[in-house]
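Fold and contact review
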Amino acid sequence: MLSNVAAVLLDGVHPFELAVVCEVFGLDRSDEELPVYDFAVASAEGASLRTHVPGLTVSTPYGLERLEEADLIAVPAADANASRDYPPALLDALNRAVERGARVLSVCSGVFVLGAAGLLDGRRCAVHWRHADELARRFPRAVVEPDVLYVDEDPVITSAGTAAGIDACLHIVRKEQGPEVANKIARRMVVPPHRDGGQAQYIERPLPKSPCDTVGEVLVWLEEHLDQEVTVEQLAARAHMSPRTFARRFQQETGTTPYRWVLRQRVLLAQELLEATDETMDVIADRTGFGTAAALRHQFVRALGTTPNSYRRVFRGPQAA
């Protein structure tokens, strides 16, 4: 049973990511008959640490020795985590913890510390979508999943950016102490005990610009006519090519097929309409070329892992759904 939790900090720690761990595991909620964890903040780099907020520091009497008794060790984000070196003693302590049966949890860029310790090798892992490519480059043996909020590869749990740390912490509580405890903590924090979808719905994906003019005019035309059904033959004729040549050029210049390109742009347009308008699902389906609300929902869930209604609630509030 989870009872002893330690958050280990590096210089430049991000206060919000640290506070997430403290809020879930560090507060005494025994008045509501919730578990009380033996919680401590430990430092890997001295008794006093900078945060990435100017003028704000964190001090603690605990060093790496505090990790030896923890059932769960959390590693919050810190400045330059994606590019810096880490204290060897910290990496050794994390490995010893896993070897004796403890869990490790990363919040946002804290996952780079787990990677440096070799704990991501052969494991699926989550990270903030902005760091996904760099994480995969630095740790090629890790299986990076850029679209999810967290990944549980017990005993290694990794979470994406910032608030996804809340999701991961509540998941651990739910797993160890059951849904009733997790739900009560979530209510105290005024957050949902479980969020729909993954971080795919938060990723900015601007329209890719074609580096060449061969299909450039066709892309512009497609952007303006996403509500229309078109075939490769029709697009090829507009580009004055044979269908086979057009398909090959399109793949070379955009990195995907015409069908997948159009589908992605339709989902992007649907996101914009859900965020900025009060249009019904039927109207949005018609304007984006999906035809029906059911088809819109199907493709939206496939692309983003959440429903159009849930997406609208996230970005505009429950009254807009």
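Residues numbered from 1 in each chain as written. Predicted model: local features only at pLDDT ≥ 70, side-chain atom pairs only at ≥ 80, totals over all residues. Heavy atoms only, no water.

Looking at an unreviewed UniProt entry, one finds the protein chain named Helix-turn-helix domain-containing protein and attributed to Streptomyces kebangsaanensis.

Quick notes on the overall build of the protein chain
Within the protein chain, the secondary structure is distributed over 13 helices and 10 strands. Put simply, the protein chain has 321 residues, and 49% of those count as buried. Total accessible area on the protein chain is roughly 15400 Å²; 50% of this is exposed by carbon and sulfur atoms. Across the protein chain, the 34 positively charged side chains and the 44 negatively charged ones have centroids separated by 4 Å. (Helix = DSSP H or I, 4+ residues; strand = E, 2+ residues; numbered from the N terminus. Buried < 20%, exposed > 50% of the residue type's maximum accessible area, 1.4 Å probe, protein only. Areas by Shrake-Rupley, 256 points an atom, 1.4 Å probe, with all protein chains shown as cover. Lys, Arg positive; Asp, Glu negative; His and termini not counted. Charge placed at Lys NZ, Arg CZ, Asp CG, Glu CD.)

A closer look at the pairing of strand β9 (residues 150-153)
Bridge count between β9 and strand β10 (residues 156-159): four bridges; the pairing is antiparallel. Bridged to Val151 within β10 is Thr158. Linking β9 to β10, which pair antiparallel, is a turn of two residues. (Pairing = 2+ DSSP bridges.)

Description of the layout of surface pockets
The calculated volume of the largest pocket comes to roughly 250 Å³. In terms of lining, the largest pocket is formed by 15 residues, of which the most central are Glu229, Val230, Tyr259, Val262 and Arg266. The dominant element in the lining of the largest pocket, judged by the number of residues it contributes, is helix α10 (residues 258-276), at five residues. Its residues assigned to classes, the lining of the largest pocket comprises nine nonpolar, four polar and two charged. (1 Å grid on protein atoms, 1.4 Å probe; cavity = no way out; pocket = protein on both sides within 12 Å on 5 of 7 lines; lining within 4 Å. Points joined across faces, edges and corners; volume = space filled by probe spheres on them. Nonpolar A, V, L, I, M, F, W, Y, C, P; charged D, E, K, R; others polar.)

So, the packing of α10 against helix α11 (residues 281-288)
Their axes nearest at 9 Å, the elements α10 and α11 cross at an angle of 145°. Crossing of α10 over α11 shows right-handed handedness. Between α10, through Arg266, Leu269, Ala270, Leu273 and Leu274, and α11, the contact on the second element is made entirely by Met281, Ile284, Arg287 and Thr288. Split into classes, the residues belonging to the contact of α10 with α11 amount to six nonpolar, one polar and two charged. (Axes fitted to C-alpha atoms, helices over the stretch in contact; angles between N-to-C directions. Left-handed = near helix turned anticlockwise from the far one by under 90°. Contact = heavy atoms within 4.5 Å.)

Some words on the nonpolar core
Ranked by size, the top nonpolar core spans 36 residues in total, and within it Leu67, Leu90, Leu94 and Leu135 carry the most contacts. If you list the elements that add at least two residues to this core, you get β1 (4-9), β5 (72-75), α2 (88-99), α3 (111-116) and α4 (132-138). No other element matches the six residues that α2 contributes to this core. Dropping the residues within four chain positions of it, Leu90 is found in contact with Val8, Leu10, Ala44, Leu64, Leu67 and Val113. (Core = buried A, V, L, I, M, F, W, Y, C linked by side-chain atoms within 4.5 Å.)

Considering unusual backbone geometry
Following Asp154, the chain continues to Pro155 via a peptide bond in cis, the omega torsion being 15°. On the secondary structure map, Pro155 appears in the loop between β9 and β10. A positive phi angle, close to 60°, is found at Ala80, a residue other than glycine. Assignment of secondary structure puts Ala80 in the loop between β5 and α2.

Some points on the sheet that holds β1
The pairing of strands in a sheet happens through backbone hydrogen bonds and is either parallel or antiparallel. If you walk across this open sheet you meet the six strands as β2-β1-β5-β6-β10-β9, and the pairing is mixed. Here the strands that pair on one side only, and so sit at the sheet edges, are β2 (38-43) and β9. Neighbour-to-neighbour, the strand axes of the sheet open up by a mean angle of 15°, direction not taken into account. Inspection of the sheet shows strand β6 (residues 103-107) paired to β10 by four bridges, in the parallel sense. Looking at the pairing, Val107 lines up with Ser159 of β10. Docked against the sheet, α2 engages β1, β5 and β6, running at close to 145° with respect to β5.

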